[in-house]
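# What the coordinates show
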Amino acid sequence: MPPSLKKRKHQKCQVETEPGRCHFSTLPFELIAEILIYTNSPRDVLAVARCSKFLCHTLLYPTSAFIWKAVRKTCSIPPPEPMSIFTESSYAAYLYGGGPCESCKNHTDQFYLSFGIRLRLCPNHECKRKFVNKGDHASYVPDARISRCIPYIEDKKHIFPSTRRLPRCYRPSDAALAFISHSANPAEYLSNIQAKMDFIEKYMEFCVSLNKWKISWQEAYEVMSSVNEGIAVSIAHMYGWNIRDMMSSTPYGPMHRLKNSRIELVTPEGSDFLLTPFSTF
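Presented here is a report on the structure given in the accompanying data block.

So, how was this worked out
- Residues numbered from 1 in each chain as written.
- Predicted model: local features only at pLDDT ≥ 70, side-chain atom pairs only at ≥ 80, totals over all residues.
- Heavy atoms only, no water.
- Helix = DSSP H or I, 4+ residues; strand = E, 2+ residues; numbered from the N terminus.
- Buried < 20%, exposed > 50% of the residue type's maximum accessible area, 1.4 Å probe, protein only.
- Contact = heavy atoms within 4.5 Å.
- Areas by Shrake-Rupley, 256 points an atom, 1.4 Å probe, with all protein chains shown as cover.
- Phe/Tyr/Trp six-rings, centres within 6.5 Å; stacked < 30°, edge-to-face > 60°.
- Lys NZ or Arg CZ within 6 Å of the ring centre and 35° of its normal.
- Salt bridge = Lys/Arg side-chain N within 4 Å of Asp/Glu carboxyl O.
- Polar contact = N/O pair within 3.5 Å; in protein donor to acceptor, adjacent residues only side chain to side chain.
- Patch = residues over 30% accessible without salt bridge, like charges linked within 9 Å, V, L, I, M, F, W, Y side chains within 5 Å.
- Disulfide = S-S within 2.5 Å.

Each helix and strand in the protein chain was counted, giving 13 helices and two strands. Expressed as a percentage of the 281 residues in the protein chain, the buried residues total 37%. Considering only intrachain contacts with a sequence separation of at least 6, the fraction spanning at least 24 residues in the protein chain is 59%. A total of about 17200 Å² of accessible surface is found on the protein chain, and carbon and sulfur atoms cover 58% of it.

Time to look at the packing of aromatic side chains. The description of an aromatic ring pair uses the distance of the two centres, along with the angle that the planes make with each other. One pass over the structure, following the stated rule, counts 16 aromatic pairs. Aromatic side chains tyrosine 96 and phenylalanine 111 sit 6.0 Å apart centroid to centroid with 65 degrees between the ring planes, which places their arrangement in the edge-to-face category. On the criterion of sequence distance, the pair formed by tyrosine 96 in helix α6 (residues 88-96) and phenylalanine 111 in the loop between β2 (107-108) and α7 (125-134) is long-range, its members being 15 residues apart. For the pair formed by tyrosine 96 and phenylalanine 111, the shared burial category is buried. The interplanar angle of 75 degrees and the centroid separation of 6.0 Å between the aromatic rings of tyrosine 112 and phenylalanine 115 together place this pair among those described as edge-to-face. By the burial criterion, tyrosine 112 is buried, and phenylalanine 115 matches it. Above the face of the tyrosine 112 ring, arginine 120 is positioned so that its terminal group lies 4.0 Å from the ring centre.

Across all of its chains, the model carries six salt bridges by this definition. Connected via shared salt-bridge partners are Arg72, Glu81 and Glu88.

As for its placement among the helices and strands, isoleucine 215 is situated in helix α11 (residues 193-239). Apart from the residues lying within four places of it in its own chain, the contact partners of isoleucine 215 are Asp155 and His158.

With respect to the secondary-structure elements, serine 114 resides in the loop between β2 and α7. Side-chain polar atoms of serine 114 contact the backbone nitrogen of glycine 116, separated by 3.4 Å. When residues no more than four places from it in sequence are discounted, the contact partners of serine 114 are Leu119, Tyr152, Ile153, Glu154 and Ile159.

Residues Val223, Val227 and Leu265 make up a contiguous nonpolar surface patch of roughly 250 Å² in combined accessible area. Structurally, the position occupied by valine 223 is in helix α11.

It is worth spelling out the state of the cysteines at this point. Taken as a whole and judged by the stated rule, the model has zero disulfides. Left unpaired, cysteine 122 is separated from the closest cysteine sulfur, that of cysteine 127, by 3.3 Å. Cysteine 122 gets classed as buried once you look at its relative accessible area, which sits at 16%. Residue cysteine 127 is classed as buried on the basis of its relative accessible area of 5%.

Laid out in structure tokens, this is it:
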């Protein structure tokens, strides 16, 4: 008995919506590595790794570390060398992976506002205001030795600009965990306290260097975005187009945004294809 009309329509809909085969994953590993290294962008390699289980397993395998290391060193603003607690792939995710804003819970691609306590907020100023007013940060730990074993906000002036003499700010959960661990077994905690203090000292020095890198990256991004915007305006003027139409109706728009994210200069040469309206494809 043939299937009913409703079932045939459902089967047809399923066939039409099935995604096509990913031919990128069928390439030899050497070729995939060569392609990704030429992107010079850890953010792009991270995006590829998150496309499928196969690519994730392939790029997170220890033998693929050279790919992450190569793009980290050749990107526009190379970050500092990672600490031993990071693999190359986890370091890329730590810097470029994005995550939920702690105030509104929406996803944001912003860097950590504080690498020390891994605080991430979206660009909405209301979210920063809510975080500051909420007081979700501790500045007092009963034992000075315990306080040296807890990561803290490495640059307070970008979060609390009006309070320059604010003491160290910790996550309340980190401070509570350290105090509970000390209270539960003081002898064991104090026996390892020097190693903990040494690690936190090195970790916070690393976070300070990351914060300086982040500021340099943001400054370079603003400059390059401004330059690329001027180039886009001149191209639109040359073709007699509205700049907004060109950015939304031609492949030039995605390329422009990609160049900005990589802090690369847009080159007008060879842009004829990129300026072809999407409707003609």
